[in-house]
Amino acid sequence: YYTHQIPNFEEIGTLLNEFKGAPIGVWLDFGHAYVQGLWGLPGLDDYIQQYDYAIKGIHLHDAKGSKDHLPPGQGDIHFEKHIQFLKKKVIILEINKRHSDGELQEGINIFNKIIQ
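Just so it is clear, the structure is predicted and the values come from calculations on it, not from any experiment.

K.L.:
How should the overall build of the protein be read in this particular structure?
P.N.:
In terms of regular secondary structure, the protein is built from 5 helices and 5 strands. Listing each helix as α and each strand as β along the protein from the N terminus yields α-β-α-α-β-β-β-α-β-α. Here the C-alpha coordinates of the protein stretch approximately 45 × 30 × 25 Å along the principal axes. Counting across all 116 residues of the protein, residues that qualify as buried make up 37%. Considering only intrachain contacts with a sequence separation of at least 6, the fraction spanning at least 24 residues in the protein is 69%. Summed over its atoms, the accessible surface of the protein is roughly 7,000 Å², and 53% of this surface lies on carbon and sulfur atoms. Charge centroids of the protein, computed over 11 positive and 15 negative side chains, lie 5 Å from each other.

Structural data, given as structure tokens:
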């Protein structure tokens, strides 16, 4: 999420090349990649296009501007655009605890409708 954290977009490629053939992969934080794109850095589409082959799983949450860890449907991410990508990955919801159980369930229902 923060620009000083590693590995960044380019460093992921360096690590994957350095350890080519090793049983390693990438865990993509969907909301953080989306927010980075808003900041003019490589964003969600860039990560998916460049590293789809290596992305093993996803921390999934919605984002509205730079506010993240929202339940699906409460932000601006268009999950529909990435249906085929999402269907191939392990997904863990990463929702902030400030959201109610009802909001979380609603987000799960929205996401399930999108990927079916």
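Read on for the rest.
K.L.:
Just to check I follow, could you spell out the sheet that holds strand 5 (residues 90–93) for this structure?
P.N.:
In any sheet, the strands associate via hydrogen bonds between backbone groups, in a parallel or an antiparallel arrangement. Reading across the sheet, the 3 strands line up as 1-2-5 and stay open at both edges, with parallel pairing between neighbours. The outermost strands of the open sheet, each flanked by one partner alone, are strand 1 (26–29) and strand 5. Between one strand axis and the next, the sheet turns through 20 degrees on average, direction left out of account. Across 4 bridges, strand 2 (residues 55–60) lies against strand 5 in parallel orientation. Along strand 5, the bridge assignment pairs L60 with L93.

K.L.:
Whenever I open this one, helix 2 (residues 30–38) confuses me. Can you help?
P.N.:
An α-helix turns once per 3.6 residues; consequently, residues spaced three or four apart project the same way. The element helix 2 is largely enclosed, with a buried count of 7 among its 9 residues. Taken together, the buried positions of helix 2 are occupied by F30, G31, H32, A33, Y34, V35 and Q36. Next to the buried residues of helix 2 lie strand 1, helix 3 (44–51), strand 2, strand 3 (62–64), strand 4 (67–70) and helix 4 (83–87). G40, located one to two residues past helix 2, shows a positive phi value of around 90 degrees.

K.L.:
Can you help me understand the packing of aromatic side chains in this one?
P.N.:
For the structure shown, the criterion picks out 5 aromatic pairs. Ring geometry for F30 against F85: centres 6.4 Å apart, planes inclined by 20 degrees, an arrangement best described as stacked. A residue pair is termed long-range when its members are at least 10 positions apart, and F30 in helix 2 and F85 in helix 4 qualify at 55 residues. For the pair F30 and F85, a shared accessibility class is recorded, and that class is buried. Through a chain of ring-to-ring contacts, three or more aromatic side chains come together here, namely F30, F79, F85 and F111.

K.L.:
For this particular structure, what's the right way to read the packing of helix 2 against helix 3?
P.N.:
Two quantities define a packed helix pair, namely the angle between the axes and the distance from one axis to the other. Relative to each other, helix 2 and helix 3 sit at 115 degrees, their axes nearing to 7 Å. Side by side, helix 2 and helix 3 meet where F30, A33, Y34 and Q36 of the first sit next to L44, Y47 and I48 of the second. Of the residues that constitute the contact of helix 2 with helix 3, the class distribution is 6 nonpolar, 1 polar and no charged.

K.L.:
Help me understand the pairing of strand 2, please; the structure alone is not making it clear to me.
P.N.:
As a general feature of sheets, a regular strand has side chains that alternate between the two faces. For strand 1 and strand 2, the ladder comprises 4 bridges, and the chain directions are parallel. The partner of W27 across the bridge, within strand 2, is G57.

Thresholds applied
Residues numbered from 1 in each chain as written. Predicted model: local features only at pLDDT ≥ 70, side-chain atom pairs only at ≥ 80, totals over all residues. Heavy atoms only, no water. Helix = DSSP H or I, 4+ residues; strand = E, 2+ residues; numbered from the N terminus. Buried < 20%, exposed > 50% of the residue type's maximum accessible area, 1.4 Å probe, protein only. Contact = heavy atoms within 4.5 Å. Areas by Shrake-Rupley, 256 points an atom, 1.4 Å probe, with all protein chains shown as cover. Lys, Arg positive; Asp, Glu negative; His and termini not counted. Charge placed at Lys NZ, Arg CZ, Asp CG, Glu CD. Pairing = 2+ DSSP bridges. Axes fitted to C-alpha atoms, helices over the stretch in contact; angles between N-to-C directions. Phe/Tyr/Trp six-rings, centres within 6.5 Å; stacked < 30°, edge-to-face > 60°. Nonpolar A, V, L, I, M, F, W, Y, C, P; charged D, E, K, R; others polar.

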